[in-house]
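These are the residues of each chain, in order.
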Amino acid sequence: MEQAPVLWFETITNADVPIVGGKNASLGEMVRELAVKGVRVPTGFATTADAYRAFIAASGIEPGIRELIRHYHAGEATLQDAGEGIRALILDAEIPGDLTEAIRTAYDELAARLKLKNPAVAVRSSATAEDLPDASFAGQQETFLNVRGHRALQDACKRCFASLFTDRAISYREAKGFDHFDVALSIGIQQMVRSDLAGSGVIFTIDTETGFPRVAVISAAWGLGETVVQGSVDPDKYVVFKPLLADPAARPIIEKACGGKAIRMVYAEGGSKRTRIVETRPAERRRFVLRDDEIVELARWAVIVEQHYGRPMDLEWAKDGETGLLYLVQARPETVQSALGSSSFQRYSLTAHGSPILTGAAIGTAIAAGKACVIRDVADIARFPDGAILVTENTDPDWVPVMKRAAGIITDHGGNTSHAAIVSRELGVPAIVGTGSGTATLEDGQEITLSCASGDTGHVYEGLLDFEQEEIDVGSLPETKTQVMVNVADPAAAFQWWRLPAQGVGLARMEFIINNLIKVHPMALLHPERVSAEDNRKIRELTRGSASPADYFVEALSHGIARLAAPYHPHPAIVRLSDFKTNEYSHLIGGEAFEPDEENPMLGFRGASRYYNERYREGFALECRALKQVRDELGFTNVIVMVPFCRTPAEADRVIAAMAEHGLRRGENGLQIYMMCEIPSNVVLAGKFATRFDGFSIGSNDLTQLVLGVDRDSGVLAPLFDERDEAVKIMIAQAIAKAHAAGIKIGICGQAPSNYPDFAAFLVAEGIDSISLNPDSFVQTITTIAAAEKSAG
């Protein structure tokens with residue numbers, strides 16, 4: 001051996017990949033360089049690549065290994081037979097005495113450092129070509145947990161050496177073009193964190209589905225982390241907006257989803273097994289693994305690691321149940337999204353529609369259609385036909401050969417950091433994981449469509465639905481004087497369009513979050529005594545795990561708004577207060593008890609009139625609480641609050657007073673309040689409204705129907721509904737002129753500029769400050785706006 005057979009982590013740097021492999025080099029780098037910045041990494045040591053080569057040479061087994069590989073290449077032996085033969089050669093060989101003694105001495109020193117007798121250690125493999133930017137090597141070699149004592153440690157080390165030639169490792173190296181003898185194995189022996197008594201998981205410093213680079217995505221489950229990596233558990237998911245972590249007072253958690261966490265891996269007591277799987281208690285399944293302060297601490301560490309390495313990272317963390325301390329236990333480069341550019345992206349969309357028969361976590365953003373092939377046991381993968389959609393409980397590295405041949409993948413279990421998710425991303429195969437019942441719901445040979453194109457939630461549909469694929473190039477879009485923004489509503493899909501050069505969110509609709517995510521009328525949460533027994537049962541189910549029903553509403557709404565505000569931060573995000581009509585509110589759970597029956601809801605109890613009325617005043621307070629939390633606690637001070645359907649200046653005063661009463665005071669912490677300019681009175685009295693608000697946003701749909709007296713939902717009158725009507729354009733031109741005369745900004749949020757290039761030209765000619773578009777029309781319309789600006793001089 002050219003160097004010492006064992007090196008302590010604190011002596012290793014990232015430049016030592018040829019000596020100790022990517023995994024151990026990264027651990028050493030973090031111990032050496034990042035501990036001083038507060039990042040906690042368990043101590044340990046590593047055997048060297050030369051020690052592995054010396055073992056192979058001293059045991060005399062290299063010729064036998066080469067012969068078995070030759071037989072496999074010649075077709076004289078199967079992969080399974082060749083792999084089994086090589087592993088048997090390694091397991092039957094003796095580790096050289098000097099390496100055995102070096103491991104023994106280092107283990108005793110580790111015990112002395114920890115002041116423990118026979119401390120439990122994790123024994124991890126680290127290949128010298130592992131964790132390089134072009135190959136993740138996820139799970140190709142073995143890890144052994146809860147290893148105690150000299151004999152068990154020596155046995156685990158030999159098994160690590162043998163795992164360099166698992167069938168999957170052999171197959172993976174051949175696919176990646178690595179010569180088997182150019183790859184050596186280092187073993188990391190690391191203090192075990194007692195996460196069996198707490199929890200553990202994975203962190204990505206980039207959104208793994210869209211490539212949005214400004215978030216950290218954390219998964220968490222009870223017990224040892226192998227269940228998360230294997231995908232055998234449905235973990236919690238937390239998303240943190242990284243730029244706001246620089247503010248020590250901010251808590252920028254923009255998503256918290258409680259996973260099922262049905263099982264946990266713990267230490268085994270007695271016998272030959274070192275770990276075992278046990279069921280979690282119902283209370284644990286409903287509880288988050290991490291507190292908010294712990295989520296933020298891990299996210300801060302993730303940013304430190306990412307900045308140190310200068311690239312997106314894939315990290316593993318663990319919490320010690322005895323001390324309560326958090327640790328990072330692994331760090332490797334993220335290898336999929338970070339390799340993609342930011343100037344173009346693929347967009348998939350269904351052109352036919354159906355009702356989903358399954359949902360789960362979407363992996364990727366693509367769509368696949370084909371026949372389901374349901375396989376529960378890896379021993380049966382030989383019957384998988386090319387181009388089918390693989391349906392299974394969960395995957396491990398033994399499934400990779402068939403995953404490569406699949407058009408799509410569906411699993412019962414796992415989250416977005418499971419093995420199935422990681423490998424699907426690397427292969428570019430769309431997947432939906434954690435469906436809960438895919439293998440039970442779908443039949444072998446059933447024609448299905450798998451869609452990951454609508455955000456974080458993936459949908460499986462019956463039949464082969466038509467879809468389209470589009471390449472969107474944002475690198476050559478023109479610059480405009482007009483502020484071009486986007487309209488958004490669905491938090492799950494918010495990150496899909498981050499590459500657009502939008503200058504903020506011109507309209508963030510609160511109604512989608514309330515209707516699709518919260519699902520309950522806010523007054524029903526506050527007054528269960530007025531709600532039916534069945535609706536109260538649904539409310540208890542939805543709000544389980546929250547401190548109170550009101551907190552459920554505030555947390556869900558604040559997280560949803562934050563996700564909408566994040567992609568274009570620090571540009572403004574204009575969030576409209578709820579603008580349901582009474583018939584829409586009544587469809588929410590518990591809503592019928594609180595809404596009047598109106599003949600014409602479009603002109604009824606909606607918008608501003610609700611916020612100070614006793615019928616809804618308490619519900620409005622919850623909306624204000626959520627917005628205050630988004631701005632003051634999460635840190636999104638770019639959020640502007642917008643009041644819809646405000647009929648008179650006196651009503652504006654009442655709304656602004658109600659907002660102040662609930663903690664949203666205009667000007668405080670930079671808060672701006674805008675008004676939807678969508679009623680003729682808003683235009684006629686624009687000067688008076690402008691003294692009360694910081695900006696206007698023209699709602700062309702309502703303004704058109706009220707100027708022309710046309711019900712916008714009437715099919716009979718549809719030919720008369722036209723934003724380009726002369727009367728409507730006169731009103732819009734007056735609104736723009738009056739806003740500018742009062743010194744406030746004015747924009748428009750509607751589809752008319754996208755649908756009609758001449759209407760966009762009209763807005764530009766009138767000097768409108770901003771135009772907000774639906775994301776799918778952004779590329780086309782910004783070109784139209786630029787041309788209009790050029791024509792206008």
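Scroll up for the structure.
Residues numbered from 1 in each chain as written. Predicted model: local features only at pLDDT ≥ 70, side-chain atom pairs only at ≥ 80, totals over all residues. Heavy atoms only, no water.

*Asks:* Help me understand the pairing of strand β16 (residues 367–374), please; the structure alone is not making it clear to me.
*Replies:* Within a regular strand, side chains alternate between the sheet's two faces. Extensive coverage of β16 is indicated by the burial of six of its eight residues. Strand direction decides the pairing type here: β16 and strand β20 (residues 447–451), joined by five bridges, are antiparallel. Residue pairing for β20: I367 is matched across the bridge by S451. Note that β16 and strand β17 (residues 389–392) share three bridges and pair parallel. Within β17, the residue paired with V374 across the bridge is V391. (Buried < 20%, exposed > 50% of the residue type's maximum accessible area, 1.4 Å probe, protein only. Helix = DSSP H or I, 4+ residues; strand = E, 2+ residues; numbered from the N terminus. Pairing = 2+ DSSP bridges.)

*Asks:* Just to check I follow, could you spell out the nonpolar core for this structure?
*Replies:* One broad rule of soluble globular proteins: the nonpolar side chains tend to lie buried together. Ranked by size, the top nonpolar core spans 107 residues in total, and within it F636, V643, M659 and F696 carry the most contacts. For F696, the residues in contact, after removing those within four places along its chain, are Y674, M675, C677, A686, F689, A690, A739, I744, K745, I746 and G747. (Core = buried A, V, L, I, M, F, W, Y, C linked by side-chain atoms within 4.5 Å. Contact = heavy atoms within 4.5 Å.)

*Asks:* What should I look at first to understand the pattern of salt bridges in this one?
*Replies:* With the rule as written, the count across this model stands at 46 salt bridges. A salt bridge links R537 to E534; the nearest nitrogen and oxygen atoms lie 2.8 Å apart. Taken as a pair, R537 and E534 lie in helix α16 (residues 533–543) at a separation of three residues, close to a single helical turn. Judged by its relative accessible area of 41%, R537 is partly exposed. The network of salt bridges with common partners includes K237, E255, D456 and R563. (Salt bridge = Lys/Arg side-chain N within 4 Å of Asp/Glu carboxyl O.)

*Asks:* Just to check I follow, could you spell out the packing of aromatic side chains for this structure?
*Replies:* Two measures describe an aromatic ring pair: the distance that separates the ring centres and the angle between the ring planes. The final tally for this structure, using the stated rule, is 13 aromatic pairs. Their ring planes at 20° and their centres at 5.1 Å tell us that F55 and F161 sit as a pair that is stacked. Here F55, found in helix α2 (residues 49–59), pairs with F161, found in helix α6 (residues 150–162); they are 106 residues apart in sequence, far enough to count as distant. A relative accessible area of 0% places F55 in the buried class. (Phe/Tyr/Trp six-rings, centres within 6.5 Å; stacked < 30°, edge-to-face > 60°.)

*Asks:* Explanation requested: the packing of helix α5 (residues 97–114) against α6 in the structure shown.
*Replies:* Geometrically, a packed helix pair is captured by the angle between its two axes and the distance between the axes. Direction vectors running N to C along α5 and α6 enclose 125°, while the axes themselves pass 11 Å from each other. What the angle tells us is that α5 and α6 run oblique. You can see that α5 and α6 cross each other, and the crossing is right-handed. For the pair α5 and α6, the contacting residues are L99, T100, I103, R104, Y107 and D108 in the first and H150, L153, Q154, C157 and F161 in the second. Here the contact of α5 with α6 is composed, by residue class, of six nonpolar, three polar and two charged. (Axes fitted to C-alpha atoms, helices over the stretch in contact; angles between N-to-C directions. Parallel < 35°, antiparallel > 145°, perpendicular 65-115°, else oblique. Left-handed = near helix turned anticlockwise from the far one by under 90°. Nonpolar A, V, L, I, M, F, W, Y, C, P; charged D, E, K, R; others polar.)

*Asks:* How should the sheet that holds strand β1 (residues 6–8) be read in this particular structure?
*Replies:* Strands in a sheet are paired, the pairing made by backbone hydrogen bonds, and the direction either parallel or antiparallel. Taking strand neighbours across the sheet as the criterion, the five strands line up as β1-β2-β5-β3-β4 in an open arrangement whose pairing is antiparallel. If you trace the sheet from one side to the other, it starts and ends with β1 and β4 (143–147), each paired once. Across the sheet, the axes of successive neighbouring strands diverge by a mean angle of 20°, strand direction being ignored. In this sheet, strand β2 (residues 44–47) lies alongside β1 in antiparallel orientation, the contact comprising three bridges. In the sheet register, W8 faces β2, and the bridge partner there is F45. Each of β1, β2, β3 (121–127) and β5 (185–191) is contacted by helix α1 (residues 17–33), which is oriented at about 130° to β3, the strand it contacts most.

*Asks:* What am I meant to see in the sheet that holds strand β23 (residues 483–488) here?
*Replies:* The eight strands are arranged β23-β24-β25-β26-β27-β28-β29-β30 in a closed barrel whose pairing can be described as parallel. In this sheet, neighbouring strand axes are inclined to one another by 30° on average, regardless of whether the strands run parallel or antiparallel. Across three bridges, strand β29 (residues 745–749) lies against strand β30 (residues 770–773) in parallel orientation. Its bridge partner lying in β30, C749 is registered against S772.

*Asks:* Even after reading the chapter, I still don't get the state of the cysteines, so can you show me in this structure?
*Replies:* Disulfides are covalent bonds that link the sulfur atoms of two cysteine residues. Counted by the stated rule, this structure contains zero disulfides. No disulfide involves C452; its sulfur sits 19 Å from that of C373, the nearest cysteine. Note on C452: relative accessible area 0%, which makes it buried. This cysteine, C677, is not joined by any disulfide, and C749 carries the nearest cysteine sulfur, 11 Å off. (Disulfide = S-S within 2.5 Å.)

*Asks:* Would you mind going over helix α3 (residues 62–73) with me for this structure?
*Replies:* Every α-helix carries 3.6 residues per turn, so stepping three or four residues along brings you back to the same face. Look at α3: 17 Å from first C-alpha to last across twelve residues, which is about the 16 Å you get at 1.5 Å a residue. Positive backbone phi, at 80°, marks G75, one or two positions downstream of α3. (Expected span 1.5 Å × (residues − 1).)

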